[in-house]
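# Results of the structural survey
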There are 2 protein chains.
Amino acid sequence: MAVEIRPSQALKLLHDLNYEMVRDDDRDLSARQITILLTVYLEQPPHTVRGLAAKLNVTKPVITRALDTMGRMELLQRRRDPSDRRNVLVQRTVKGALYVERLGDLMVAKAKELPL
Amino acid sequence: MAVEIRPSQALKLLHDLNYEMVRDDDRDLSARQITILLTVYLEQPPHTVRGLAAKLNVTKPVITRALDTMGRMELLQRRRDPSDRRNVLVQRTVKGALYVERLGDLMVAKAKELPL
DNA sequence: ATAAATCGTTTCGGAGCCGTATCATTTCAG
DNA sequence: CTGAAATGATACGGCTCCGAAACGATTTAT
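Now for a description of the structure that goes with this document. (Residues numbered from 1 in each chain as written. Chains lettered and ligands numbered in written order. Predicted model: local features only at pLDDT ≥ 70, side-chain atom pairs only at ≥ 80, totals over all residues. Heavy atoms only, no water.)

## Considering the interface of chain B and chain A
In plain terms, the rule: Note on contacts: a residue pair qualifies if any of its non-hydrogen atoms lie within 4.5 Å across the two residues. When two parts are brought into contact, each loses some accessible area as probed by a 1.4 Å sphere; the total of that loss over both is the buried area. Salt bridge, as applied in this entry: a Lys or Arg side-chain nitrogen positioned within 4 Å of an Asp or Glu carboxyl oxygen.
Counting residues at the interface gives 45 residues for chain B and 44 residues for chain A. Both faces considered, chain B and chain A share a buried interface measuring about 4,000 Å² in area, 70% of it formed by carbon and sulfur atoms. Sorting the residues of chain B by area buried against chain A places B:Val3, B:Leu11 and B:His15 first, and these three jointly supply 15% of that buried surface. Linking chain B with chain A are 2 salt bridges. The partner of A:Lys112 in a salt bridge is B:Glu4, with the nearest N and O atoms 3.4 Å apart.

## A few points about the nonpolar core
As a reminder of what qualifies: Within this scheme, the nonpolar core is defined by two criteria: the residues are buried Ala, Val, Leu, Ile, Met, Phe, Trp, Tyr or Cys, and they are joined through side-chain atoms within 4.5 Å. Exposure categories follow from relative accessible area, calculated using a 1.4 Å probe and restricted to protein chains: below 20% of the type maximum is buried, above 50% is exposed, and the middle band is partly exposed.
One finds A:Leu37, A:Leu76, B:Leu37 and B:Leu76 to be the most contacted residues of the largest nonpolar core, which totals 76 residues. Sequence-distant contacts of A:Leu76, that is, excluding residues within four places in its chain, are made with A:Ile36, A:Leu37, A:Val40, A:Tyr41, A:Leu67, A:Met70, A:Gly71, A:Val90, A:Gln91 and A:Thr93.

## Some remarks on unusual backbone geometry
Residues and elements named next belong to chain A. The criterion, for reference: A run of H or I in DSSP counts as a helix once it spans at least four residues, and a run of E counts as a strand once it spans at least two, with each numbered from the N terminus.
Here the residue pair Pro 45 and Pro 46 is connected by a cis peptide bond, since its omega of 5° sits within 30 degrees of zero. On the secondary structure map, Pro 46 appears in the loop between helix H2 (31-42) and helix H3 (49-56). Phi angles above zero are rare outside glycine, and Asn 57 is one such case at about 65°. Phi is positive for Glu 74, close to 65°, though the residue is something other than glycine. Position of Glu 74 relative to the elements: it lies in the loop between helix H4 (60-72) and strand S1 (76-80). Residue Glu 74 is classed as partly exposed on the basis of its relative accessible area, which comes to 45%.

## Some thoughts on the relation of the copies chain B and chain A
The condition that has to hold: Alignment of the copies relies on least squares applied to C-alpha atoms, considering only residues that score at least 70 for pLDDT in both.
Once chain B is rotated about the relating axis by 179° and shifted along it by 0.0 Å, it coincides with chain A to within an RMSD of 0.1 Å. Expressed as an axis order, the relation between the two copies is that of a two-fold axis. If distances are taken from each C-alpha of chain B to the rotation axis, the shortest is found for B:Ser30, at 3.0 Å. A shared interface surface links the copies, since 98% of the contact residues of chain B are contact residues in chain A too.

## Observations regarding the environment of B:Tyr99
All names here are of chain B. Checked against the element boundaries, Tyr 99 lands in helix H5 (residues 94-112). What makes Tyr 99 buried here is its relative accessible area of 17%. The spacing of Tyr 99 and Leu 14 is 85 residues in sequence and 18 Å in space, taken between C-alpha atoms. Aside from chain neighbours lying at most four places away, what touches Tyr 99 is Met 21, Asp 25, Leu 29, Leu 37 and Leu 75.

## Observations concerning the protein's contact with DNA strand C
What counts is decided by this rule: The nearness test applies per residue and asks whether one of its heavy atoms lies within 4 Å of the molecule or strand. Polar contacts, as used here, are pairs of N or O atoms within 3.5 Å; protein pairs need one atom able to donate a hydrogen and one able to accept it. Residues neighboring in sequence count only if both atoms are side-chain atoms. Amino acids are sorted into nonpolar (Ala, Val, Leu, Ile, Met, Phe, Trp, Tyr, Cys and Pro), charged (Asp, Glu, Lys and Arg) and polar (every other residue, Gly among them).
Taken together, 22 residues are adjacent to DNA strand C, and A:Arg32, A:Val62, B:Lys60, B:Thr64 and B:Arg78 come closest. Sugar plus phosphate: this is where 70% of the atoms of DNA strand C within 4 Å of the protein reside. Between DNA strand C and A:Thr59, the relevant distance is 3.4 Å, taken from a phosphate oxygen to a side-chain nitrogen or oxygen of the residue. In the environment of DNA strand C, a phosphate oxygen lies 2.7 Å from a nitrogen or oxygen atom belonging to the side chain of B:Thr64. Those elements giving two or more residues to the surface near DNA strand C turn out to be H2 and H4 of chain A together with helix H3 (49-56) and helix H4 (60-72) of chain B. Residues that form the surface near DNA strand C fall into these classes: 5 nonpolar, 6 polar and 11 charged.

## A word on the pattern of salt bridges
Taken as a whole and judged by the stated rule, the model has 16 salt bridges over all chains. Residues A:Glu74 and A:Lys95 are paired through a salt bridge, measuring 3.6 Å at the closest nitrogen-oxygen approach. With a gap of 21 residues between them, A:Glu74 in the loop between H4 and S1 and A:Lys95 in helix H5 (residues 94-112) connect regions that are remote in the sequence. For A:Lys95, a relative accessible area of 46% translates into the label partly exposed. Of the charged contacts in the structure, one is a salt bridge between B:Arg86 and B:Asp84, with a shortest N-O distance of 2.9 Å. Connected through shared salt-bridge partners, A:Glu20, A:Lys110 and A:Glu113 make up one network.

## A short note on the protein's contact with DNA strand D
Near DNA strand D there are 20 residues, and of these A:Arg50, A:Lys60, A:Arg78, B:Arg32 and B:Val62 occur at the shortest range. By atom count, sugar and phosphate contribute 74% of the portion of DNA strand D lying within 4 Å of the protein. Measuring from a sugar or linking oxygen of DNA strand D, one finds a side-chain N or O atom of B:Arg86 at 3.4 Å. With 4 residues, H4(B) is the single largest residue contributor to the surface near DNA strand D. Residues of the surface near DNA strand D, tallied by class, amount to 5 nonpolar, 6 polar and 9 charged.

Written out as structure tokens, the structure is:
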């Protein structure tokens, strides 16, 4: 039981966070894209297209397209698996790491500002 | 300083929350839609199209379309302002209140499960 | 009364994402 | 060595959303 938070605080935190993301960025990531990004950055590699699709309960093209988009944004990158060249390994990037770090810091800051 | 949370916890919370929303719902709300919804439910009325557009730094048609979509979902409803019939007042619905409540509870539950 | 301003909606062409089905490449089994 | 299986990418038609511009309805100012 690490983090104690009340529903009204949780909702305000969620609001403030989304608000910042909508206001700052022109293009905001979808819930699916954020989930993919955070999965790659928080969970143990390796991450494959098939594995991510199964984990998120979506079809493979969804992952492929998300990798196209987030690859263009340089938040994630593809790497062919050398040991089985059918696989594509999804890996972090410097830019993506900075983005995720900024997101975590923003959330911490917003949580600190919450009223009792 | 109400809620203390570390960046790694914040990111995991964000991940888990988005993960649930992606897995459960077929159609997930965009960041913009969530922000509009929570603004209406958390901040003081009245909420107008123009006011919401200015607050979120988006164009008016974005709000109109979001109201179309979330109106079809019965999460929000439009009401003509009787005192100035040019205005549209954005109001809560029973279904929307339940949705928001469920969202807050889900976030509280996920926060509770976070590792130290 | 008429013109200007305000407000929300609609239209338009363009872009992104969806799921299904299919494809090329690579690996594995017989 | 050849055919089946596995993996990720692509083609397709459909749907939603986007910003800019134009529009109708209403209110306010002259």
